Amino acid sequence: MNSSKRLIKLAVSGTLAASLCFASASALYTGEITASSLNLRATPGGEAITSLPKGTKLAVISNSTEWYQVAVNGQTAYVSGAYVSWAQDCDFALGSGVIKCSTTVNFRSEPSTESKVLASLTNGTKVDVVGISKGWYKVSCNGQTGYIHPDYLTIAGGSTVTTKTANKPAAVGANVSMAEVSASGDVRQDILDFAAQFLGTPYRYGGNSPETGFDCSGFTSYVYKNVVTSIARTSSDQRATTKNISRDELLPGDLVFFGSGDNVSHVGIYVGNGQFIHSPHTGSSIKYDTLDSGNYDRRFICGGRVLAD
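Conventions adopted
Residues numbered from 1 in each chain as written. Predicted model: local features only at pLDDT ≥ 70, side-chain atom pairs only at ≥ 80, totals over all residues. Heavy atoms only, no water. Core = buried A, V, L, I, M, F, W, Y, C linked by side-chain atoms within 4.5 Å. Buried < 20%, exposed > 50% of the residue type's maximum accessible area, 1.4 Å probe, protein only. Contact = heavy atoms within 4.5 Å. Helix = DSSP H or I, 4+ residues; strand = E, 2+ residues; numbered from the N terminus. Axes fitted to C-alpha atoms, helices over the stretch in contact; angles between N-to-C directions. Parallel < 35°, antiparallel > 145°, perpendicular 65-115°, else oblique. Left-handed = near helix turned anticlockwise from the far one by under 90°. Expected span 1.5 Å × (residues − 1). Pairing = 2+ DSSP bridges. 1 Å grid on protein atoms, 1.4 Å probe; cavity = no way out; pocket = protein on both sides within 12 Å on 5 of 7 lines; lining within 4 Å. Points joined across faces, edges and corners; volume = space filled by probe spheres on them. Nonpolar A, V, L, I, M, F, W, Y, C, P; charged D, E, K, R; others polar.

1. Some details on the nonpolar core
For step 1, the next point in the chain: Membership of the largest hydrophobic core comes to 41 residues, with the highest contact counts inside it found for Phe-219, Ile-269 and Ile-277.
For step 2, the next point in the chain: Not counting residues up to four positions away in its chain, the partners in contact with Ile-277 are Ala-195, Ala-196, Leu-199, Phe-219, Gly-268, Ile-269, Val-271, Ile-286, Lys-287 and Tyr-288.
For step 3, the next point in the chain: Core analysis: the second largest hydrophobic core is formed by 21 residues, Phe-92, Leu-121, Ile-132 and Leu-153 among them.

2. Considerations on unusual backbone geometry
Backbone phi values are negative for most residues with the exception of glycine, while trans is the configuration of most peptide bonds.
For step 1, the next point in the chain: In this structure, Asn-73 takes a positive phi of about 50 degrees despite not being glycine.
For step 2, the next point in the chain: As for its position among the elements, Asn-73 is in the loop between strand 5 (67-72) and strand 6 (75-80).
For step 3, the next point in the chain: Although it is not a glycine, Asn-142 adopts a positive phi angle of roughly 50 degrees.
For step 4, the next point in the chain: Inspection of the secondary structure assignment puts Asn-142 in the loop between strand 12 (136-141) and strand 13 (144-148).

3. A short note on the packing of helix 4 (residues 187-196) against helix 5 (residues 216-227)
For step 1, the next point in the chain: Relative orientation of the contacting elements helix 4 and helix 5 amounts to 130 degrees, with a least axis distance of 10 Å. As the angle between them shows, helix 4 and helix 5 are arranged oblique. Every pair of crossing elements has a handedness; the one defined by helix 4 and helix 5 is right-handed. Counting all contacts with helix 4, which are made through Val-187, Asp-190, Ile-191, Phe-194 and Ala-195, the residues of helix 5 involved are Phe-219, Tyr-222, Val-223, Tyr-224, Asn-226 and Val-227.

4. Some details on helix 5
Quick reminder: α-helices carry 3.6 residues per turn. Residues three or four places apart thus point the same way.
For step 1, the next point in the chain: For helix 5, with 12 residues, the first-to-last C-alpha span of 17 Å sits near the 16 Å given by 1.5 Å per residue.
For step 2, the next point in the chain: When we look at burial in helix 5, the residues that qualify are Cys-216, Ser-217, Gly-218, Phe-219, Thr-220, Ser-221, Tyr-222, Val-223, Tyr-224 and Val-227.

5. As for the sheet that holds strand 18 (residues 255-260)
For step 1, the next point in the chain: Reading across the sheet, the six strands line up as 17-22-18-19-20-21 and stay open at both edges, with antiparallel pairing between neighbours. Strands with a single pairing partner mark the edges of an open sheet, and in this sheet they are strand 17 (243-245) and strand 21 (287-290). Strand-to-strand twist in this sheet, taken as the mean axis angle between neighbours without regard to direction, amounts to 40 degrees.
For step 2, the next point in the chain: Pairing of strand 18 with strand 22 (residues 300-305) involves four bridges; the strand directions are antiparallel. Looking at strand 22, one finds that Val-256 is bridged to Gly-303.
For step 3, the next point in the chain: Packing of helix 4 onto the sheet brings it into contact with strand 19 (263-272), strand 20 (275-278), strand 21 and strand 22, and relative to strand 19 it is tilted by some 110 degrees.
For step 4, the next point in the chain: Contacts between helix 5 and the sheet are confined to strand 18, strand 19 and strand 20, with strand 19 contributing the most and set at about 45 degrees to the helix.

6. With respect to the environment of Cys-101
For step 1, the next point in the chain: When you line up the elements, Cys-101 lands in the loop between strand 8 (91-99) and strand 9 (104-108).
For step 2, the next point in the chain: Cys-101 sits in the buried class, given a relative accessible area of 13%.
For step 3, the next point in the chain: Sequence separation of Cys-101 and Leu-153 is 52 residues, and the distance between their C-alpha atoms is 8.3 Å.

7. Quick notes on the layout of surface pockets
For step 1, the next point in the chain: There is about 330 Å³ of room inside the second largest pocket.
For step 2, the next point in the chain: In terms of lining residues, the second largest pocket is bounded by 19 residues, among which Tyr-68, Gly-81, Ala-82, Val-84 and Ser-285 are the most central.
For step 3, the next point in the chain: A total of three residues in the lining of the second largest pocket trace back to one element, the largest contributor, which is strand 7 (residues 84-86).
For step 4, the next point in the chain: Taken together, the residues that form the lining of the second largest pocket break down as six nonpolar, 11 polar and two charged.

8. A short note on the pairing of strand 9
For step 1, the next point in the chain: Along strand 9, four of the five residues are buried, which leaves the element largely enclosed by surrounding structure.
For step 2, the next point in the chain: As paired elements, strand 9 and strand 10 (residues 117-122) share five bridges and run antiparallel to each other. Its bridge partner being in strand 10, Thr-104 is matched across the sheet by Thr-122.

9. Some thoughts on the pairing of strand 13
For step 1, the next point in the chain: Bridge count between strand 12 and strand 13: five bridges; the pairing is antiparallel. By the bridge assignment, Val-139 is partnered in strand 13 with Gly-146.
For step 2, the next point in the chain: Remark: two residues form the turn of the hairpin made by strand 12 and strand 13, two consecutive strands paired antiparallel; Asn-142 in that turn has positive phi of roughly 50 degrees.

10. Overview of the side chain of Asp-215
For step 1, the next point in the chain: Locating Asp-215 in the fold gives a position in the loop between strand 16 (213-214) and helix 5.
For step 2, the next point in the chain: Residue classification places Asp-215 among the buried residues on the basis of a relative accessible area of 8%.

Now the structure itself:
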């Protein structure tokens, strides 16, 4: 996965990949209501539409603020993220969906850009959304069951999952050949895909595995070890042993370091478009955040590059 050929390829395609607005892979995931009942709201903190009972499964489209954008019961709306836990991908009825694209989008046999194309669906095609797998919608269309990347699907009257609102890369699951060429086999995208599997995994001080939970550097070291190569365990050592870069130089898959002055106390993985994935603190879980938010903007120190470009 970290062969010289792939690293050479990054040097050629880095600018192109950035232009395709990489943010994060697989922001879409399955959530479950933990409160006895939870209001589904039309807007963040706005009017309640209905109440969802404990155990209700829903699609978490964006968790970048305390109000999660979700799809449930055939509609896209908002709930308080404090009462939504991560759940295993599974089949559950989400309602009807509509394809939204400029021309066509690939309907695939598996949730991967490298899987077989079952059909090309045109803009406006209606499908039944029957579950979530690895950040893709599982859908039924014309007697076939397959997968559509959420950038090209709306649930009822909701909005498509875009890079800005859903922390997702337009290049993953793309419906055009250029996006698939630039993203397929890209080690940076492999990092993002692998990291996104652990969305919702609880923070645990000293943790460095999915079974026990992760602290910040336990998460970054685990991802790199399983995708590219082993890196230092602590955030300060990760900074000391990587090529330090400015915020303007960041590429998806680079590390981002935070702290006070020159003392590093936190680390995450940059996903593009000013966003990163990380394991924040006790009481929280792995999620996406933005570098522009007040706390992280003030505490940002530098980026760290492991990959040769």
